[in-house]
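Residue-level structural notes
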Amino acid sequence: ILLHSNKVVVCSLAPSHPVLDSTKYKIQSINFVQQLNEEMKGKHKHNAKIVNINQPICKINCKLHPELKQEKCFTIYSCLNAKLIEINQRLESDPGLLQSKPDTEGFICVLLPKLDSIKEQLSQLKNHNEYLKLRGNYLSSSQIADIAEN
């Protein structure tokens, strides 16, 4: 997640997420499970859709390279209990943005957490090194070293 000083959170994939490996996966489609509430309005986004950490935001459907016959689906969950204030609808028409520009135009969604709980929620998230340790079983030591350098 990317936290702005105004406490708005932009959600994107971790640099080491497997779907970002364009040599292994070709993204076919991204389907958002959660949709915005059309009645959302105002500075505090009244009537915005509330999501929690157990709710999926989207599903990323991929085909494996090089054979492109085997399919895999990744489910991306909300990382915070928050209001869903934007989903990146450009990903539905151009799913390649997720791999080509994951931290900018390829973001997944924008969340607005409750101000009184944001510090506690952020403290419970894994930092990138902790995430790499959890994923260690799936990554080779050279992949971990490459990611750590960047």
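The structure contained in this document is the topic of the report that follows.

What counts, and where the lines are drawn
- Residues numbered from 1 in each chain as written.
- Predicted model: local features only at pLDDT ≥ 70, side-chain atom pairs only at ≥ 80, totals over all residues.
- Heavy atoms only, no water.
- Pairing = 2+ DSSP bridges.
- Helix = DSSP H or I, 4+ residues; strand = E, 2+ residues; numbered from the N terminus.
- Axes fitted to C-alpha atoms, helices over the stretch in contact; angles between N-to-C directions.
- Disulfide = S-S within 2.5 Å.
- Buried < 20%, exposed > 50% of the residue type's maximum accessible area, 1.4 Å probe, protein only.
- Contact = heavy atoms within 4.5 Å.

With phi around 75°, Lys-7 is a residue other than glycine that occupies positive phi space. Positive phi is not limited to glycine here, since Asn-47 has a value of about 70°.

By way of backbone hydrogen bonds, the strands of a sheet pair with one another, either parallel or antiparallel. In space, the 3 strands of this open sheet follow the order S3-S5-S6, with antiparallel pairing throughout. Each having just a single partner strand, strand S3 (25–32) and strand S6 (71–77) make up the two edges of the open sheet. Direction aside, neighbouring strands of the sheet carry axes that sit 25° apart on average. Here 7 bridges tie strand S5 (residues 56–64) to S6, and the two strands are oriented antiparallel to one another. Residue pairing across strands places Lys-59 opposite Thr-75, the latter belonging to S6.

Here the focus is the state of the cysteines. Using the criterion set out here, one finds 0 disulfides in the structure. We note that Cys-58 lacks a disulfide partner, and the nearest cysteine sulfur, in Cys-109, lies 7.7 Å from it. Between Cys-109, a cysteine without a disulfide, and Cys-11, which holds the nearest cysteine sulfur, the sulfur-to-sulfur distance is 3.9 Å. Given the relative accessible area of 1%, Cys-109 is considered buried.

To continue, consider the environment of Lys-59. Mapped onto the fold, Lys-59 is located in strand S5. The sequence separation of Lys-59 and Ser-29 amounts to 30 residues, and the corresponding C-alpha distance is 8.2 Å. For Lys-59, the residues in contact, after removing those within four places along its chain, are Ser-29, Ile-30, Asn-31, Val-33, Cys-73, Phe-74 and Thr-75.

Here we have 5 strands laid out as an open sheet, ordered S1-S2-S8-S7-S4, and antiparallel in their pairing. In the strand order of this sheet, the two ends are held by strand S1 (2–3) and strand S4 (49–51), each with one partner. Note: strand S2 (residues 9–11) against strand S8 (residues 109–113), 3 bridges, orientation antiparallel. The residue of S8 that forms the bridge with Val-9 is Leu-111.

Below, the discussion takes up the side chain of Gln-99. Within the secondary structure layout, Gln-99 lies in helix H2 (residues 97–100). If sequence neighbours within four positions are ignored, Gln-99 has contacts with Val-19, Leu-20, Asp-21, Ser-22, Tyr-25 and Ile-27.

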